[in-house]
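Chains, contacts and geometry: an overview
What follows is each chain in one-letter form.
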Amino acid sequence: MSLSGGIKTSASLIEKFKTSEADKIRSLRIVIDGEFLVDSDFTLETEDFDADFKQLGRLFDTDKQPAFVAVKVENGWTLIQYVPDNAHIREKMLYASSRATLLRELGAEKFTDSIFATTKAECSLDGYRAHLAHKAAEAPRTEKEIEHALQMQTETGADIGMSTRKEIAGGVGFAFDALAVEAMEKLRTGDLNLVALSIDSTSETIQLGTTASDATPETLRSILPEGDPFFVFFKHVHEYDGVQLDPTLFFYICPPSAKVKARMLFSSSRASTLEFVESQLNISVLKKVELDSASEVDTGLITDTLYPSKTANQAKPAFKKPSRPGRK
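Residues numbered from 1 in each chain as written. Predicted model: local features only at pLDDT ≥ 70, side-chain atom pairs only at ≥ 80, totals over all residues. Heavy atoms only, no water.

A word on the packing of aromatic side chains. Counting across every chain of the model gives 13 aromatic pairs. Considering the side-chain rings of Phe-17 and Phe-111, the 5.7 Å spacing of their centres and the 10° angle between planes classify their relative orientation as stacked. Note that Phe-17 is positioned in helix H2 (residues 11–18) and Phe-111 in strand E6 (residues 111–117), a separation of 94 residues in sequence. Take Phe-17: its relative accessible area is 4%, and that puts it in the buried class. Ring plane angle 35° and centroid distance 5.8 Å describe the contact between Phe-231 and Phe-250, whose orientation is recorded as tilted. Separated by 19 residues along the polypeptide, Phe-231 in strand E9 (residues 230–235) and Phe-250 in strand E12 (residues 248–253) bring together distant segments of the chain. Ring pairs connect the aromatic residues Phe-231, Phe-233, Phe-250, Tyr-252 and Phe-266, which therefore count as one cluster. (Phe/Tyr/Trp six-rings, centres within 6.5 Å; stacked < 30°, edge-to-face > 60°. Helix = DSSP H or I, 4+ residues; strand = E, 2+ residues; numbered from the N terminus. Buried < 20%, exposed > 50% of the residue type's maximum accessible area, 1.4 Å probe, protein only.)

A few words on the pattern of salt bridges. For the structure shown, the criterion picks out 10 salt bridges. Across the salt bridge formed by Glu-45 and Arg-26, the nearest N and O atoms sit 3.9 Å from each other. A residue pair is termed long-range when its members are at least 10 positions apart, and Glu-45 in the loop between strand E3 (36–44) and helix H3 (49–54) and Arg-26 in strand E2 (residues 25–33) qualify at 19 residues. Looking at Arg-26, the relative accessible area reads 6%, which means it is buried. (Salt bridge = Lys/Arg side-chain N within 4 Å of Asp/Glu carboxyl O.)

Across 2 bridges, strand E1 (residues 8–9) lies against E3 in parallel orientation. Across the sheet, residue Thr-9 finds its bridge partner in E3, namely Leu-37. Where E2 and E3 come together, 8 bridges link them in antiparallel fashion. Bridge assignment links Arg-29 to a residue of E3, and that residue is Asp-41. Here E2 hands over to E3 after 2 residues, with Gly-34 in that stretch at a positive phi of 70°. (Pairing = 2+ DSSP bridges.)

Interhelical geometry of H2 versus helix H4 (residues 89–106) gives an angle of 50° and a closest axis separation of 10 Å. Regarding the angle of H2 to H4, the classification is oblique. The handedness of the crossing between H2 and H4 comes out as right-handed. Mapping the contact onto sequence places Leu-13, Ile-14 and Phe-17 in H2 and Leu-102, Glu-105 and Leu-106 in H4. A breakdown of the residues in the contact of H2 with H4 according to their chemical character gives 5 nonpolar, no polar and 1 charged. (Axes fitted to C-alpha atoms, helices over the stretch in contact; angles between N-to-C directions. Parallel < 35°, antiparallel > 145°, perpendicular 65-115°, else oblique. Left-handed = near helix turned anticlockwise from the far one by under 90°. Contact = heavy atoms within 4.5 Å. Nonpolar A, V, L, I, M, F, W, Y, C, P; charged D, E, K, R; others polar.)

Between the first and last C-alpha of helix H7 (residues 178–189) there are 17 Å, a value that for 12 residues agrees with the 16 Å anticipated at 1.5 Å per step. Along H7, the residues classified as buried are Ala-180, Ala-183, Met-184 and Leu-187. Across the axial projection of H7, the buried residues extend over an arc of 100°, all falling on one side. Contacts from the buried residues of H7 go to strand E7 (194–200), strand E8 (205–212), E9, E12 and helix H9 (260–279). Phi turns positive, to about 95°, at Gly-190, one or two residues after H7. (Expected span 1.5 Å × (residues − 1). Arc of directions from axis to C-beta.)

For the rest of this paragraph, the subject is H9. Helix length check: H9, at 20 residues, gives a terminal C-alpha distance of 29 Å against a target of 28 Å (1.5 Å per residue), a fit within 8%. A large share of H9 lies buried, amounting to 14 of its 20 residues.

Now for the nonpolar core. Leu-220, Leu-224, Val-232 and Phe-251 are the most contacted members of the largest nonpolar core, which has 27 residues in total. Listing elements by their share of this core, those giving two or more residues are H4, E7, E9, strand E11 (243–245), E12, strand E13 (285–291) and helix H10 (299–306). When sequence neighbours within four positions are dropped, the list of residues in contact with Leu-224 reads Ala-196, Thr-210, Phe-230, Val-232, Ile-253 and Ala-294. Listed in part, the 24 residues of the second largest apolar core include Leu-197, Ile-199, Met-264 and Leu-281. (Core = buried A, V, L, I, M, F, W, Y, C linked by side-chain atoms within 4.5 Å.)

What follows is the structure in structure tokens.
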């Protein structure tokens with residue numbers, strides 16, 4: 001079963017969402033059951049938003065089961081995508097690849113915000129307030145502040161190397177040009193499986209670099225020019241445990257030899273670029289990796305990124321009994 005095309009929104013869920021206003025529903029829990037997104041629970045709306053939000057706790061009833069929870073807020077709906085770290089990798093991919101379908105069929109224009117949560121604490125009232133505070137604090141920095149931050153990263157060795165995988169903090173936002181948006185839409189629908197984005201330093205806009213419809217981990221290095229920074233979105237179509245999967249990975253590739261201004265622009269805009277791709281273009285990114293060069297990408301790196309526990313187990317050498325004296 002292909003993830004992007006296999007999961008559909010059930011008619012009962014669509015109807016439940018349509019009547020949510022009349023039924024005074026505050027939140028709606030949505031799970032994947034078989035090949036359908038279905039409503040599994042809900043909470044009712046009162047005049048006390050804080051009290052209502054606290055009732056959401058019971059909708060996140062396990063540390064292993066992912067779920068979507070649509071919450072009615074003042075200016076529309078917020079979609080919480082709850083995927084615990086210890087959820088099964090197949091379920092992580094199922095929920096990541098089904099988000100766009102859910103938003104499209106319920107009406108993406110009705111959702112004004114998204115939260116990607118891995119713990120119950122992030123889904124609490126305090127977690128929601130922290131999310132709002134973080135959004136409000138994401139004011140653009142001056143070029144001098146950005147250059148200073150980049151210099152600090154360089155001096156401390158942060159953000160360099162393929163093993164660096166960390167939360168990307170807020171920065172400045174650059175607009176996407178039409179060709180970049182069109183290419184990302186084709187990535188979402190599966191017409192492309194690789195989109196590389198560049199930044200025009202004069203206009204400070206996100207522009208289309210290159211695309212591919214049949215890229216593989218081994219050919220990616222030959223598609224991207226050496227020496228230039230890129231934001232790369234790669235849909236890795238593969239089979240795992242008998243299931244056809246197509247998670248989207250994000251590679252932030254920034255060679256140390258790139259010009260300082262280019263490095264500064266990419267470093268300061270990667271968070272807003274990801275935010276736009278996930279919240280506005282409805283493309284869920286499962287993993288984010290930072291690299292010095294596209295030449296570092298191969299099947300081993302991607303497998304290790306998606307299935308670290310499995311590759312770690314395979315890396316353990318088998319115990320070999322020592323030979324008895326006199327035998328070779």
